[in-house]
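Listed below are the residues making up each chain.
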Amino acid sequence: MKPRIVITAAAFSMLIAVAAGAFGAHGLKAVLSTEMLAIWQTAVHYQMVHGLGLLAVGILMPQWPQAKRLALVATAFVIGIFLFSGSLYVLALTGIRWLGAVTPLGGVAFLAGWLLLAISAWQQTSDE
């Protein structure tokens, strides 16, 4: 995965997170229960945090060209955003509870991405 693609995915993820946050605060506040609105906001929060993580990975890729794992980090973050935040958005809108079983898979993808990033950073050598 090229840095340009990762940074573009990060920007779109954060764009969607901001739009979803505003929609939740203004459009869904009167429609969703307090519990479902909290679920929506959790989805927004995790999408934004991992969108920023994705941006950082895209910026690091040219700096650490030997760290081939960074493409896996980006992939894990994208999968995590879709599974974790996506399942929570749908759960909040529909109330379909079994979607909660998908959410932890996204959480595992997030954890894998952060672990791979930590390993990449630990193995990074510098000329300094």
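Up top you'll find the structure we're talking about.
What comes next concerns the included structure. (Residues numbered from 1 in each chain as written. Predicted model: local features only at pLDDT ≥ 70, side-chain atom pairs only at ≥ 80, totals over all residues. Heavy atoms only, no water.)

### Digging into the overall build of the protein
The secondary structure content of the protein amounts to four helices and zero strands. Moving toward the C terminus, one meets the helices and strands of the protein in the order α-α-α-α. Overall, the C-alpha framework of the protein stretches about 55 × 25 × 20 Å when taken along its three principal axes. Within the protein, contacts between residues separated by at least 24 positions form 73% of all contacts whose residues are at least 6 apart in sequence. (Helix = DSSP H or I, 4+ residues; strand = E, 2+ residues; numbered from the N terminus. Contact = heavy atoms within 4.5 Å.)

### Topic: the packing of helix α2 (residues 34-63) against helix α3 (residues 69-94)
Each packed pair of helices is defined by two parameters, the angle between the axes and the distance between the axes. Viewed as axis vectors pointing N to C, α2 and α3 meet at an angle of 165 degrees, and their least axial separation amounts to 9 Å. One finds that α2 runs roughly antiparallel with respect to α3. α3 is crossed by α2, and the crossing has left-handed handedness. Along the lines of polarity and charge, the residues of the contact of α2 with α3 split into 23 nonpolar, six polar and no charged. (Axes fitted to C-alpha atoms, helices over the stretch in contact; angles between N-to-C directions. Parallel < 35°, antiparallel > 145°, perpendicular 65-115°, else oblique. Left-handed = near helix turned anticlockwise from the far one by under 90°. Nonpolar A, V, L, I, M, F, W, Y, C, P; charged D, E, K, R; others polar.)

### Describing α3
Over its 26 residues, α3 extends 37 Å from the first C-alpha to the last, a length consistent with the 38 Å expected when each residue adds 1.5 Å. With its phi angle positive at about 75 degrees, glycine 95 sits one or two positions after the end of α3. (Expected span 1.5 Å × (residues − 1).)

### Considerations on the packing of aromatic side chains
This structure, assessed with the given rule, holds six aromatic pairs. Ring plane angle 40 degrees and centroid distance 4.6 Å describe the contact between tyrosine 46 and phenylalanine 84, whose orientation is recorded as tilted. Of this pair, tyrosine 46 sits in helix α2 while phenylalanine 84 sits in helix α3, and the two are 38 residues apart along the sequence. With relative accessibility at 13%, the residue phenylalanine 84 sits in the buried group. These aromatic residues form a ring-pair network of at least three members: Phe23, Trp40 and Tyr89. (Phe/Tyr/Trp six-rings, centres within 6.5 Å; stacked < 30°, edge-to-face > 60°. Buried < 20%, exposed > 50% of the residue type's maximum accessible area, 1.4 Å probe, protein only.)

### Notes on the nonpolar core
With 30 residues, the main nonpolar core has Trp40, Val57 and Leu70 as its most contacted residues. Listing elements by their share of this core, those giving two or more residues are α1 (3-27), α2, α3 and α4 (103-123). The contact partners of valine 57, leaving out residues within four places of it in the chain, are Val6, Leu70, Val73, Ala74 and Phe77. (Core = buried A, V, L, I, M, F, W, Y, C linked by side-chain atoms within 4.5 Å.)

### A few points about the side chain of serine 13
Inspection of the secondary structure puts serine 13 in helix α1. Other than its neighbours up to four places away in sequence, serine 13 contacts Gln47, Gly51 and Ile81.

### Comments concerning the packing of α3 against α4
It is the contact of α3 with α4, at a shortest axis distance of 7 Å, that shows an interaxial angle of 160 degrees. For the element pair α3 / α4, the angle class is roughly antiparallel. Of the two possible hands of crossing, α3 and α4 adopt the one that is left-handed.

### Overview of the pattern of salt bridges
On inspection of all chains with the given rule, the structure shows one salt bridge. Among the ionic pairs, glutamate 35 bridges to arginine 97, the shortest N-O distance being 3.2 Å. Highlighted residues: glutamate 35 in helix α2 and arginine 97 in the loop between α3 and α4, separated in sequence by 62 residues. (Salt bridge = Lys/Arg side-chain N within 4 Å of Asp/Glu carboxyl O.)

### What to know about a nonpolar patch on the surface
A cluster of nonpolar side chains, contributed by Phe12, Leu15 and Ile16, occupies part of the molecular surface with about 320 Å² of accessible area. Inspection of the secondary structure assignment puts isoleucine 16 in helix α1. A relative accessible area of 45% places isoleucine 16 in the partly exposed class. (Patch = residues over 30% accessible without salt bridge, like charges linked within 9 Å, V, L, I, M, F, W, Y side chains within 5 Å. Areas by Shrake-Rupley, 256 points an atom, 1.4 Å probe, with all protein chains shown as cover.)

By themselves, these observations are geometric and do not establish any function.
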